[in-house]
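# Geometric and topological summary
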Amino acid sequence: MRHVFVETNWVIDFAAPVSHRLPEAVALLDLARAGDITLHVPAVCLLEARRKITRRDPRGEADPIRRFLAWATPAGAVSAEEAHCARLVLDKYESRVRLELQSLSECLDALRTTGGVEVYGMTDTMLARACELSAVVELEPFDLAILSAVLIRAADLAAAGEGDSVFCTTDGDLRKSALCDLYNAASLSVRRDFRIDP
Amino acid sequence: MTEYAEAMQFEPDITVTEGDPPSIRLVVEAKLRASAAGEGDAQLKRYMFGMNCFAGLLVTPETIRVYRDSFERYAPESITLVGEFPSPPAIREAAQSRVPRAFERAVADWLQDMRVRFWQGQGGIPEPLSIHVLPSIVSGRIEIWNGPWQRTGTE
């Protein structure tokens, strides 16, 4: 069985509103549901992802276009009919994004019971390792927690004879060359995207 | 090999990322063999669609092809070729070494040079690049992909 570890960015890319969702992130979850891989998600990533996703404001993306329409229509650059259609689409976009954000908690909670997905909490060993790592690698506290959670769990799998593990991370800080030896010691290969051949 | 497995074998040579969480603003495939340009098309498009990357380049010693998501469809087929022009001299010269890593380095340097020229207010950037590529690289992080780290420590 292939074991795949992910971090906060995968959760964001999978759970984000459809306009920002990554098809490859969804495809990875589909592999887990199909039983082709086991997807390991540190529980702390759900917390961080929830915070970052809910910070998105669809008005921030739609309002500049509305402002453009307000200028462009009297200026003749956009017809009244075009502006009307554009405003309707923008309203639909905002409504859709808000709807998806409202169901975000449900979406993230569902991960805990999804077949092929293992959401796991921080253990004392992981916390201790994070403290050790803070002295030797330069990472933000959240990244340190995620790194130690991934390393400890991957090493446990390797010790149990389940050594085919890969860490999919789009976070450049978690792919620094200074971490290479740590990943090797945990029998982990690292990918910078979510594309896995099971 | 299945089509899916073939697609999963594809690795972009260079990416430009930006933001938190990071999004891939540009994907670059650098091919030393000109005949490989046509082969890499479908996989590059699939990668761009899958990773929500709306701009891509396929660079060979002879030509640079610029790809852009037209947003016509929610599928890789939405990625279209929007421009093609001769490769600059620095890239053609790097190809003569026949060393893939050196060629990738030359392409990354060319992207960096384009960025510097932009910030210095210099012109002369061909239109497909100035419209579709330059916005992606002006403040992003240019990264040459060295492949997944293996347990043996080799790349």
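Counting of residues starts from 1 at the beginning of each chain's written sequence and follows it residue by residue. Each chain takes a letter, starting from A, and each ligand takes a number, starting from 1, following the order in which they are written. This being a predicted model, a pLDDT of at least 70 is required before a residue's local features are given, and a value of 80 or more before pairs of side-chain atoms are given or counted; all residues contribute to the totals for chains, interfaces and linings. For the side-chain quantities, the full set of heavy atoms in the structure was used; hydrogens and water were omitted.

Here we take up the overall build of chain B. Going along the chain from the N terminus, every DSSP run of H or I of four or more residues is numbered as a helix, and every run of E of two or more is numbered as a strand. The number of helices and strands found in chain B is six helices and six strands. Along the chain direction, N to C, the helices and strands of chain B fall in the order α-β-β-α-β-β-β-α-α-α-α-β. Relative accessibility thresholds used throughout: buried, under 20% of the residue-type maximum; exposed, over 50%; partly exposed, between the two (1.4 Å probe, protein chains only). Expressed as a percentage of its 155 residues, the buried residues of chain B come to 49%. Looking at chain B as shown, the accessible area adds up to about 7600 Å², and 51% of this sits on carbon and sulfur atoms. Here the accessible surface of atoms and residues is derived via Shrake-Rupley with a 1.4 Å probe, and residues count as covered only by protein chains that are part of the display.

Only centres within 6.5 Å qualify two rings of Phe, Tyr or Trp (six-membered ring in Trp) as a pair; their planes then separate them into stacked at under 30 degrees, edge-to-face at over 60, and tilted for everything else. Going through the model one piece at a time under the given rule, you end up with six aromatic pairs over all chains. Between Phe167 of chain A and Tyr183 of chain A, the aromatic rings sit 5.8 Å apart at their centres with planes inclined by 50°, giving tilted as the arrangement. A residue pair is termed long-range when its members are at least 10 positions apart, and Phe167 of chain A in strand E4 (residues 165-168) and Tyr183 of chain A in helix H9 (residues 180-185) qualify at 16 residues. The residues Phe167 of chain A and Tyr183 of chain A share a single accessibility class, namely buried. When the ring of Phe49 of chain B is compared with that of Tyr74 of chain B, the centres are 5.2 Å apart and the planes differ by 80°; the resulting orientation is edge-to-face. Taken together, the residues span a long stretch of sequence, with Phe49 of chain B in helix H2 (residues 36-50) and Tyr74 of chain B in the loop between strand E4 (63-69) and strand E5 (79-86) at a distance of 25 residues. The side chain of Arg153 of chain A reaches across the aromatic face of Tyr120 of chain A, ending 4.3 Å from its centre. Either the NZ atom of lysine or the CZ atom of arginine qualifies as a charge over a ring when it sits within 6 Å of the ring centre and within 35 degrees of the ring normal.

With that out of the way, let us pick up the sheet that holds strand E3 (residues 55-59) of chain B. Residue and element names in this part refer to chain B. In spatial order, the strands read E5-E4-E3-E2-E1-E6; together these six strands make up an open sheet with mixed pairing. Strand pairing shows two members of the sheet lacking a second neighbour, E5 and strand E6 (141-144), which therefore form its edges. Sheet twist, expressed as the average angle between the axes of neighbouring strands with direction ignored, equals 20°. For strand E1 (residues 14-18) and strand E2 (residues 23-30), the ladder comprises five bridges, and the chain directions are antiparallel. From the neighbouring strand, Ile14 faces E2, where its bridge partner is Val28. Any two residues whose heavy atoms approach within 4.5 Å at even a single point are treated as in contact. Interaxial angle, 0 to 180 degrees, is taken between N-to-C directions of lines fitted to C-alpha atoms, where a helix line uses only the stretch in contact. Its contacts with the sheet put helix H4 (residues 100-119) on E1, E2, E3, E4 and E6, and the angle it makes with E6 is roughly 175°. At least two DSSP bridges between two strands are required for those strands to pair.

Right, let's get into the pattern of salt bridges. Residue and element names in this part refer to chain A. Salt bridges are defined by distance alone: a side-chain nitrogen of Lys or Arg within 4 Å of a carboxyl oxygen of Asp or Glu. Tallied over the full model, the rule gives 24 salt bridges over all chains. Put simply, Arg2 and Asp164 hold a salt bridge, and the shortest N to O gap is 3.0 Å. Here Arg2 is found in strand E1 (residues 2-6), whereas its partner Asp164 is found in the loop between helix H8 (141-159) and E4, with 162 residues between them in sequence. Looking at Asp164, the relative accessible area reads 33%, which means it is partly exposed.

By themselves, these observations are geometric and do not establish any function.
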